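# An overview of the molecular structure
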Protein chains: 2
Amino acid sequence: MLRRIDEGDALGIALKEESKTMNRVSLSGIGVEIPETSISNKELVESFNIWVEQENRRRAAKGLEPLPGSSAEFIEHASGIKARHVHTFEGILDPDRMAPFIPARDDDDLSVTAEFGAKAGRKALEDAGVDPAEVDMVICAGSHLQRLYPAIGIEIQKELGTGGAAFDMSLGCSSAVAGLHIGFHLVRSGAHRRVLVVTPELITAHLNLRDRQTHFIFGDAATALLIEALPQGEEKAGRFEVVDTRSWTQFSNNIRSNFSYLNRAALEDTSMVPSEGNLIKQQGNKVFKEVTVAGHRFIVDFLAEHGHTPETVRRFWLHQANARMNAMILKLSFGGVEVGHDRAPMVLDRLGNTAAAGAIVAMAENHKDMKAGEFGLLCAYGAGYSIGGALMRMM
Amino acid sequence: MLRRIDEGDALGIALKEESKTMNRVSLSGIGVEIPETSISNKELVESFNIWVEQENRRRAAKGLEPLPGSSAEFIEHASGIKARHVHTFEGILDPDRMAPFIPARDDDDLSVTAEFGAKAGRKALEDAGVDPAEVDMVICAGSHLQRLYPAIGIEIQKELGTGGAAFDMSLGCSSAVAGLHIGFHLVRSGAHRRVLVVTPELITAHLNLRDRQTHFIFGDAATALLIEALPQGEEKAGRFEVVDTRSWTQFSNNIRSNFSYLNRAALEDTSMVPSEGNLIKQQGNKVFKEVTVAGHRFIVDFLAEHGHTPETVRRFWLHQANARMNAMILKLSFGGVEVGHDRAPMVLDRLGNTAAAGAIVAMAENHKDMKAGEFGLLCAYGAGYSIGGALMRMM
């Protein structure tokens, strides 16, 4: 049965008609879905080094230089990561495969990333105490959209039973905060009454587990944010008012995937597309240096626009890619003062870099102790380059 | 050099600070980029039938039923399409290839779809007489996003020299109108002063030119829409005010691509991914029937919300997929009355289905004769299912 456009959407229309002034916006629910299986650095390195030994025997036979092995200590020193949770364990530690095995599903079955995102979405709805039918927009905002069409957001809409509409958007590791930026303004302007920003980050399937520089970086996680219009004068105790959001981008190839529907068109034989060269690539050192500069400037400038300094913000939920990078961004933002994990919580040590999900997980796990009137800054940065910020006030 | 967040974005911030009331929005520029090379039904069918003959010799040797050939008349009868323009001619009519040959580019070179989109974007800026630096958001909204990251929108931002930020979004053939929906509300709420919605549709690279049901459907085109805040009381002669936008989605697999970064994870050998099964699939008859119902309801309901009936709208720029489907949608909307191409212009006859670009091309080519105070409806529908509408008033 095809819904009419006014079904499940009556509140949104009513709100828009009654007012030409902007709505206030509350973050009323957060959902996080972390897969159960965790892989430690030690386990990952054991598998990696077995592959390196095998590969080096092949390389020796060809007269090539051997590849270096890795170590758990190198990974932790370089990134702060000790472990990561993975959506699908099977295949990842197999030295002959080094990729998760995620069976293809029939078109009529729920897609893998829609399922992953819907789990987080359901938790956000429960957290907010909101009925799915009261939501009139799902934004699937992630760095790893599963396909071109139909949009994964629409499949999540169907799975959750939300009304209105949905779409997919993508902006690397800033996707979730960019989705919040868009959702915030859709609610502010009255276009939609309740927006669910869903971020399914199933990254391990796109990772080159044979690349020493990047194989350890990513883990899988899904998150969801439920935002809604907040009547003038109303305060929702224990929830955040979204004060403002910002988005900044400047092109860089230093984090890049060339996986593309165009790949086949570049080949002599268009029937098979090689995976090699079409997985995640990262120039880690350049990213560290450039994003540290851009990130701390963004934080200082965005807060200043709202009469804040880093000192007046109780908590920073930063992108969870690299512990040293975050420490540096904070130190630069705070004028040289070191800031601890109570001020800027870390989840990457046990989850790895979960792309756009990371900062949301950090916020989900570290906000219930905040007092009314305290401010928090959600700030994600990454591929693009892109940076997204959202200033929150605990009500 | 890394820009700070306030660079090239001062107008947007100023506007947001000064007002809590919604901005009016004008569509100030439209850009269309149509590739030069056109392929007629006759040319396409000649190539297709040569392939069918070759294939049937192979099939006969295996004792399989022969495949049916096609004809220019069948294509025109089924769709109304007489020809399509293609981004890259080489390879498409080669019976041994049947795919465009689009060489891979170095990461440091401008990407194929960013280049295509930027051409349309530049035309929209010229049409509006707006300097690129005055634009503070680029939305790359298309059914065929080239890659996961960095966002194509950011590369277009760099190529055009716009400020602020960018992101990618996707919603099948409704992508451009959905991008307009988002951009409209970003400008309404004062988040951004000027938004450029860029839609590069390079679809022929994802088409199965060996599939009789779909090989003729698509052509390539890129479009761009420049929208901006309109001061209260101001009228811009010859431009549209965007009165309102709407988005509607309901899940369907009837138009689907399974091309995905997850494909390799489902394989025994993850090093090569087959193209077969991962190109555009469409259940044409189901789409025709279901989208005709949903589309005409959307039109009637959306117009009714604004006190309009189809009769009070001067022009309909509909999604350009199928001439008979559009005629049926209009007939149902107008209560059984047939509506001609002056009321609802057709460009699919010479361009094919250019996905999200089609309705924008129809609008670009058919609005300069409209009188002040006349209304037009932009309405796109397709994969998702998704429908997007924008009600325009000529100023």
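Residues numbered from 1 in each chain as written. Chains lettered and ligands numbered in written order. Predicted model: local features only at pLDDT ≥ 70, side-chain atom pairs only at ≥ 80, totals over all residues. Heavy atoms only, no water.

## Topic: the side chain of E201 of chain A
Looking at the element boundaries, E201 of chain A is found in strand β6 (residues 194–201). Despite being buried, E201 of chain A has no salt bridge partner; R264 of chain B is the closest side chain of opposite charge, sitting 14 Å away. Here A356 of chain A takes part through its backbone nitrogen, which lies 2.9 Å from a polar atom of the side chain of E201 of chain A. Those residues within four positions of E201 of chain A in sequence are excluded, and the remaining contacts are F116, G142, S143, H144, G219, D220, A221, A222, T354, A355, A356 and A357 of chain A. (Helix = DSSP H or I, 4+ residues; strand = E, 2+ residues; numbered from the N terminus. Buried < 20%, exposed > 50% of the residue type's maximum accessible area, 1.4 Å probe, protein only. Lys, Arg positive; Asp, Glu negative; His and termini not counted. Salt bridge = Lys/Arg side-chain N within 4 Å of Asp/Glu carboxyl O. Polar contact = N/O pair within 3.5 Å; in protein donor to acceptor, adjacent residues only side chain to side chain. Contact = heavy atoms within 4.5 Å.)

## Examining the relation of the copies chain B and chain A
Under the fitted operation, chain B is carried onto chain A by 0.0 Å of movement along the axis and a turn of 180°, and the coordinates agree to an RMSD of 0.0 Å. In short, the pair behaves as if placed about a two-fold rotation axis. (Least-squares fit on C-alpha atoms with pLDDT ≥ 70 in both.)

## Digging into the environment of N208 of chain B
Residue and element names in this part refer to chain B. By the secondary structure assignment, N208 is in the loop between β6 (194–201) and β7 (221–230). Accessibility expressed as a relative area gives 27% for N208, which makes it partly exposed. Through-space distance from the C-alpha of N208 to that of E276 is 8.6 Å; in sequence the pair is 68 residues apart. A distance of 3.0 Å separates the side chain of N208 from the backbone nitrogen of R210, its partner in a polar contact.

## Some remarks on unusual backbone geometry
Residue and element names in this part refer to chain A. With an omega of -5°, the peptide bond between Y149 and P150 qualifies as cis. Mapped onto the fold, P150 is located in the loop between β4 (137–141) and α5 (152–160). A cis amide bond links G384 to the next residue, Y385, at an omega of -15°. Mapped onto the secondary structure, Y385 falls in the loop between β13 (375–382) and β14 (386–394). Unusually for a residue other than glycine, M98 sits at a positive phi of about 55°. Mapped onto the elements of the fold, M98 is located in the loop between β3 (83–85) and α4 (112–128).

## A look at the pattern of salt bridges
Scanning the entire structure with this criterion turns up 42 salt bridges over all chains. Across the salt bridge formed by R314 of chain B and D342 of chain B, the nearest N and O atoms sit 2.8 Å from each other. Of the two residues, R314 of chain B sits in the loop between α7 (284–305) and β12 (315–318) while D342 of chain B sits in the loop between α8 (323–333) and α9 (348–351), which places them 28 residues apart along the sequence. Classification of D342 of chain B as partly exposed rests on a relative accessible area of 49%. Among the charged side chains, a network of salt bridges with common partners joins R24, E235, E241 and R393 of chain A.

## What to know about the side chain of T88 of chain A
All names here are of chain A. Structurally, T88 is set in the loop between β3 and α4. A distance of 2.8 Å separates polar atoms of two side chains, one belonging to T88 and the other to H87. Among all residues touching T88, those that are not within four sequence positions of it are P100, F101 and I102.

## Comments concerning the environment of L93 of chain A
Residues and elements named next belong to chain A. Along the polypeptide, L93 turns up in the loop between β3 and α4. Separated by 26 residues in sequence, L93 and K119 place their C-alpha atoms 26 Å apart. Those residues in contact with L93 that sit more than four places away from it in its chain are I39, E43, L44 and S47.

## Examining the interface of chain B and chain A
In this assembly, 103 residues from chain B lie in contact with 104 residues from chain A. Overall, the association of chain B and chain A removes approximately 9600 Å² of surface from exposure, summing both partners, and the carbon and sulfur fraction of that is 56%. In this structure, the connection of chain B to chain A is made through 4 salt bridges. Across the pair K281 of chain B and D107 of chain A runs a salt bridge, and its minimum N-O distance is 2.6 Å. Remark: the boundary between chain B and chain A carries 47 residue pairs in polar contact (both at pLDDT 80 or more). (Buried area = accessible area lost by both parts, 1.4 Å probe.)

## Topic: the packing of α4 of chain A against α5 of chain A
All names here are of chain A. With their axes 9 Å apart at the nearest point, α4 and α5 run at an angle of 55° to one another. Regarding the angle of α4 to α5, the classification is oblique. For α4 against α5, the interelement crossing comes out right-handed. For the pair α4 and α5, the contacting residues are T113, A114, G117, A118, G121, R122 and L125 in the first and I152, E155, I156, E159 and L160 in the second. For the contact of α4 with α5, a count of residues per class yields 6 nonpolar, 3 polar and 3 charged. (Axes fitted to C-alpha atoms, helices over the stretch in contact; angles between N-to-C directions. Parallel < 35°, antiparallel > 145°, perpendicular 65-115°, else oblique. Left-handed = near helix turned anticlockwise from the far one by under 90°. Nonpolar A, V, L, I, M, F, W, Y, C, P; charged D, E, K, R; others polar.)

## Details of the nonpolar core
Counting 247 residues, the largest nonpolar core has F316, L378 and M392 of chain A together with F316, L378 and M392 of chain B as its most contacted members. Residues within four places of L378 of chain A in sequence aside, it is in contact with V177, L180, W317, A359, I360, M363, G388, G389, A390 and M392 of chain A. (Core = buried A, V, L, I, M, F, W, Y, C linked by side-chain atoms within 4.5 Å.)

## Observations concerning the pairing of β6 of chain B
Residue and element names in this part refer to chain B. Most of β6 is tucked away, with 8 of its 8 residues classed as buried. Here β6 shows two buried faces, one formed by R194, L196, V198 and P200 and the other by V195, V197, T199 and E201. Inspection of the sheet shows strand β4 (residues 137–141) paired to β6 by 4 bridges, in the parallel sense. By the bridge assignment for β6, C140 is matched with V198. In terms of strand pairing, β6 meets β7 through 8 bridges, oriented antiparallel. Bridged to R194 within β7 is E228. (Pairing = 2+ DSSP bridges.)

## Digging into the pairing of β7 of chain B
Residues and elements named next belong to chain B. For β7, the buried fraction is high: 10 of the 10 residues fall into the buried class. Both strand β1 (residues 24–33) and β7 contribute to a ladder of 9 bridges, which runs antiparallel. Bridge pairing in β7 links G31 to A224.

Take it as geometry only, folks, not as evidence of what the structure does.
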